[in-house]
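# Fold and geometry: a report
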Amino acid sequence: MDLFSSPPSPKIQIDALTRELKEHNYNYYVLAEPTISDREFDRLLKELEALEKEFPELAHLDSPVKVVGGAVTKNFITKKHSRPMLSLGNTYSEAELREFDERAKKLAGMDFEYVAELKFDGFAIGLTYKNGKLIQALTRGDGTQGDDVTENVKTIRTIPHQLHGNYPEEFEIRGEIFMHRKAFDRMNEERVKNGEAPFANPRNSAAGTIKMQESSEVAKRPLDCFLYHFLGDEKRFLTHYDSLKEAETWGLQINDAAKVCKSMDEVWAFIKHWDKERKKLSFEIDGVVVKVNSYQLQHELGFTAKNPRWAIAYKFETERAATKLLSVSFQVGRTGAVTPVANLEPVLLLGTTVKRASLHNQDIINELDIRVGDTVFVEKGGEIIPKIIEVDLDMRPLDSKPLEFITHCPECGTALIRKEGEVAHYCPNEEGCPPQIKGKMVHFVARKALDIDSMGEERIDLLHEKGLLKNVADFYDLKYEQIFGLSKTTKDEETGKTKDTRILEKSANNILLGIETSKNTPFERVLFGLGIRFVGETVAKKLAKYFKTIDAIAAATFEELNAVDEIGDTIAESIIQWFANPQHIEIIEKLKAAGLHLSVDESNQPEIDNKLDGKSFVVSGVFTKFSRDELKDTIEKFGGKNVGSISSKTDFVLAGENMGPAKLQKATDLGIKVISEEDFMEMIG
Ligand code: IVH
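Residues numbered from 1 in each chain as written. Predicted model: local features only at pLDDT ≥ 70, side-chain atom pairs only at ≥ 80, totals over all residues. Heavy atoms only, no water.

A count of helical and extended segments in the protein chain gives 24 helices and 23 strands. For the protein chain, whose C-alpha radius of gyration is 28 Å, the value lies close to the compact-globule estimate of 26 Å for 685 residues. Seen along its three principal axes, the alpha-carbon backbone of the protein chain occupies a region of about 90 × 80 × 50 Å. Looking at the protein chain residue by residue over its 685 residues, the buried ones come to 47%. A sequence separation of at least 24 residues applies to 67% of the contacts in the protein chain between residues at least 6 apart. If you sum the accessible surface of the protein chain, you get close to 34,400 Å²; carbon and sulfur atoms cover 52% of it. Side-chain charges of the protein chain comprise 92 positive and 112 negative groups, with the mean position of each set lying 2 Å from the other. (Helix = DSSP H or I, 4+ residues; strand = E, 2+ residues; numbered from the N terminus. Rg over C-alpha atoms; globule rule 2.2 N^0.38 Å. Buried < 20%, exposed > 50% of the residue type's maximum accessible area, 1.4 Å probe, protein only. Contact = heavy atoms within 4.5 Å. Areas by Shrake-Rupley, 256 points an atom, 1.4 Å probe, with all protein chains shown as cover. Lys, Arg positive; Asp, Glu negative; His and termini not counted. Charge placed at Lys NZ, Arg CZ, Asp CG, Glu CD.)

A few words now on the nonpolar core. Membership of the largest hydrophobic core comes to 53 residues, with the highest contact counts inside it found for M455, F475 and L543. For this core, the secondary-structure elements that each account for two or more residues are helix 12 (434-445), helix 13 (457-465), helix 15 (505-517), helix 16 (523-529), helix 17 (537-547), helix 18 (550-555), helix 20 (569-579) and helix 21 (582-594). With residues up to four places along the chain from it excluded, the contact list for M455 reads V445, I460, L463, F475, L478, I511 and I515. Grouped together as the second largest cluster of nonpolar side chains are 38 residues, I156, L227, L252 and I254 included. (Core = buried A, V, L, I, M, F, W, Y, C linked by side-chain atoms within 4.5 Å.)

When two helices pack together, their arrangement is given by the angle between the helix axes and the distance between those axes. At their nearest, the axes of helix 12 and helix 13 sit 10 Å apart, and the two run at 135° to each other. Taken together, the axes of helix 12 and helix 13 lie oblique to each other. Regarding helix 12 and helix 13, the two cross each other, and that crossing is right-handed. Contact with helix 12, carried on its side by P434, I437, K438, M441, V442 and V445, involves E457, I460, D461 and H464 of helix 13 and no other residues of that element. Per-class residue counts for the contact of helix 12 with helix 13 are 6 nonpolar, 1 polar and 3 charged. (Axes fitted to C-alpha atoms, helices over the stretch in contact; angles between N-to-C directions. Parallel < 35°, antiparallel > 145°, perpendicular 65-115°, else oblique. Left-handed = near helix turned anticlockwise from the far one by under 90°. Nonpolar A, V, L, I, M, F, W, Y, C, P; charged D, E, K, R; others polar.)

This next bit is on the site of the ligand. Neighbouring the ligand are 15 residues, the closest being E117, L118, K119, R140 and E176. The backbone of L118 places a nitrogen or oxygen atom 3.0 Å from a nitrogen atom of the ligand. Between the ligand and K291 there is a distance of 3.0 Å, counted from a nitrogen atom to a side-chain nitrogen or oxygen. When the ligand is considered free in solution it has 520 Å² of accessible area, and contact with the protein chains removes 93% of it. When contributions to the shell around the ligand are tallied by element, the ones reaching two or more residues are strand 3 (114-120), strand 8 (223-231) and strand 10 (285-292). Sorting elements by how many residues they give to the shell around the ligand places strand 3 first, with 4 residues. Split into classes, the residues belonging to the shell around the ligand amount to 8 nonpolar, 2 polar and 5 charged. (Near = heavy atom within 4 Å. Polar contact = N/O pair within 3.5 Å; in protein donor to acceptor, adjacent residues only side chain to side chain.)

For the protein chain, the mean per-residue pLDDT works out to 86, and 92% of the residues sit at or above 70. Within the model, pLDDT remains below 50 along residues 68-74, and this stretch shows 25 contacts once partners closer than five positions in the same chain are excluded. (pLDDT = per-residue confidence, 0-100.)

This part covers the environment of A555. Mapped onto the secondary structure, A555 falls in helix 18. Placed 119 residues apart in sequence, A555 and V674 show a C-alpha to C-alpha distance of 49 Å.

What follows concerns the sheet that holds strand 22 (residues 652-655). What the 4 strands build is an open sheet, ordered 21-20-22-23; its pairing is parallel. The sheet is open, and its two edges are formed by strand 21 (641-642) and strand 23 (673-675), each paired on a single side. Alignment of strand 20 (residues 616-620) against strand 21, held across 2 bridges, turns out to be parallel. Paired with F617 across the two strands is N642, which belongs to strand 21. Here helix 22 (residues 628-637) sits on the sheet in contact with strand 20, strand 21 and strand 22, set at roughly 175° to strand 20. (Pairing = 2+ DSSP bridges.)

Strand order across the open sheet formed by 5 strands is 2-11-10-3-9, with mixed pairing between neighbours. Both edges of this open sheet fall to strand 2 (90-91) and strand 9 (259-261), since each of them pairs with a single strand only. With 2 bridges connecting them, strand 2 and strand 11 (residues 311-315) associate as parallel partners. For N90, the partnering residue across the bridge sits in strand 11 and is A313. Contacts between helix 3 (residues 94-108) and the sheet are confined to strand 2, strand 3, strand 10 and strand 11, with strand 11 contributing the most and set at about 170° to the helix. On top of the sheet, helix 8 (residues 240-249) reaches strand 3, strand 9 and strand 10; it is set at about 55° to strand 3, its chief contact.

The next point concerns unusual backbone geometry. When glycine is set aside, most residues are seen to have a negative phi, and most peptide bonds are trans. Within the chain, D369 stands out as a residue other than glycine whose phi angle is a positive 50°. Among the structural elements, D369 can be located in the loop between helix 11 (362-368) and strand 15 (375-379). The backbone of K548 sits at a positive phi, close to 70°, despite the residue not being glycine. Within the secondary structure layout, K548 lies in the loop between helix 17 and helix 18.

Each regular strand displays side chains that alternate between the two surfaces of the sheet. Taken across its 7 residues, strand 5 (residues 133-139) has 5 buried, putting it largely inside the fold. Strand direction decides the pairing type here: strand 4 (residues 123-130) and strand 5, joined by 6 bridges, are antiparallel. Residue pairing for strand 5: Y129 is matched across the bridge by L134. Between the end of strand 4 and the start of strand 5, which pair antiparallel, lie 2 residues, with N131 showing a positive phi angle near 50°.

As a working rule, side chains carrying opposite charge can pair if their charged atoms are close by. Enumeration according to the criterion identifies 34 salt bridges in this entry. Residue R98 pairs with E94 through a salt bridge whose shortest N-O separation is 3.0 Å. With R98 and E94 both in helix 3, this residue pair falls 4 residues apart, about one helical turn. Of the residues examined, R98 reaches a relative accessible area of 28% and is grouped as partly exposed. A salt bridge links D551 to K592, with the nearest nitrogen and oxygen atoms 2.9 Å apart. Taken together, the residues D551 in helix 18 and K592 in helix 21 connect sequence positions 41 residues apart. One network of salt bridges, in which partners are shared, links D369, R371, D374 and R396. (Salt bridge = Lys/Arg side-chain N within 4 Å of Asp/Glu carboxyl O.)

Put into structure tokens, the structure is as follows:
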């Protein structure tokens, strides 16, 4: 840099900051893929705000300082909000919170109460009810108009389609859609198993999900919603808190942490409490929202161009730490996708030592302009994988060089490819690249596929190394004499401990028994086990039901596959490609010869146990042992029916954690049995 040149003019600074913030808004709201932390965003916004204050003539008309972030996505119908969907002013400091209190007191000229609420880290939504019916759900969009996502929102079980009690004729209520941590983890596990990229955090996955075009896909993802802002005839209530309590009686889900606070001291105690306790919640919060309780006072305080003067968000610090990037390694997954991983100088963050962080793909590396030797900031929200959010450019060594993405597979040396429109690099050597081969076998023996639990990752590793396993068909050729006595010692890189894998008599018999038993696995699970990209459990079930045999699937054209419900272009294309590979056909033939089910065997369908015959169930809440879908499947397997909402015809409500109190009340009023996950397990024996 030329040390004698003058700093950029205010115009250049304002233009650059405006451009940058708009891009971040787009990443955050539209793509649901933010590339900087909230804190960094707020810092940039404050910088621009200060510059605009000093040079108002240079401010852009659509400056992010004036406009609520966001834009409307193109595939939904956009509709105007009844009232602008504003955001909140926010702060990270107690002093600023006290200043907010002072200012509000001055304007109000008296003492007043606040309501302190959790700030849910999700996706804002405005629901409109008319005559008790949910008629519209709009996203924030640009604050003036949003996307109509009503059909998708209707799949969220805690959002009632029909209210009960003494609800107003027409009103809107706004809230936040989010995903519980456990549900998010489970969904990501599934995605990785199916060869799809995992979501970075629950907020992104909630936002990404609600913008999906297929409501049936949305329904499969466990979203939840808390409502926090009534808009309608506010004269019905004296205070905001009253509005929440009454909305709850209509069947709407309100979070019960909301608390009336007599002073800012009480608010501060609430904040400190939740900052400590938030890790125990089943969902993520990123702060506390503080609102003036009295509606009268809210009206008197009014709004600035962007925010209400009667509310503020206090944001929790996301812990971050500075460390050094020592090297970058590249990991190859089951699908051949290559993930760059940052190896870091160990650093303590939220109680755990962080040594590694995913760098995701080349685009992210380029965006961060990260280099070996750089000082980087890692951030960790909740239990999420640590993320590198920023490079400290001032600390960059003078001789550093831009990071080059590898051109060849680190495992097998094959030249990598990058498919058009995809961000990941792939190793195309499916049949010869060790982590891909082993990954496919691990997937094949997984519980939801062939369920060979005597065959874990270490044993697969060992048998592959000894040349006994080259593909999934080889399991069925294994002989006692070949596997008995094999052993291997490995060292765990993380802990430094050594581990022995040794196959003695009992294990050898167990392995062979597991493999033999797996021959009874139904066709749909064998199909899932083959690990065809994008053919997850549900798609495998659909394909098996529709085509009945593997030969019919192999022979199906793109159009025939595409005609099946929920099989889109990507899945159809992937299936065609898989069956075009002669090695895959050979595997299929070998599996057939080994006696596996490669067609739907109508006579061999498991006998139906009709314990729950004709009984109808409402499954609601979050469960600890099984997912909601697993419970529903089990109900159907035992002859029961799943229904969406509680009525006098419901026999049982299967209730998990966080089931709305209104639902519980309704079930009790109607005399319906409310049972727990454990009761249900007992019921089906
Ligand atoms: S009240 C005009 N209450 O945080 C006031 N917002 O940073 C409207 N949020 O735009 C918002 N939890 O998307 C409110 N308990 C809560 C909230 C909450 C999360 C979101 C909401 C808002 C943003 C502000």
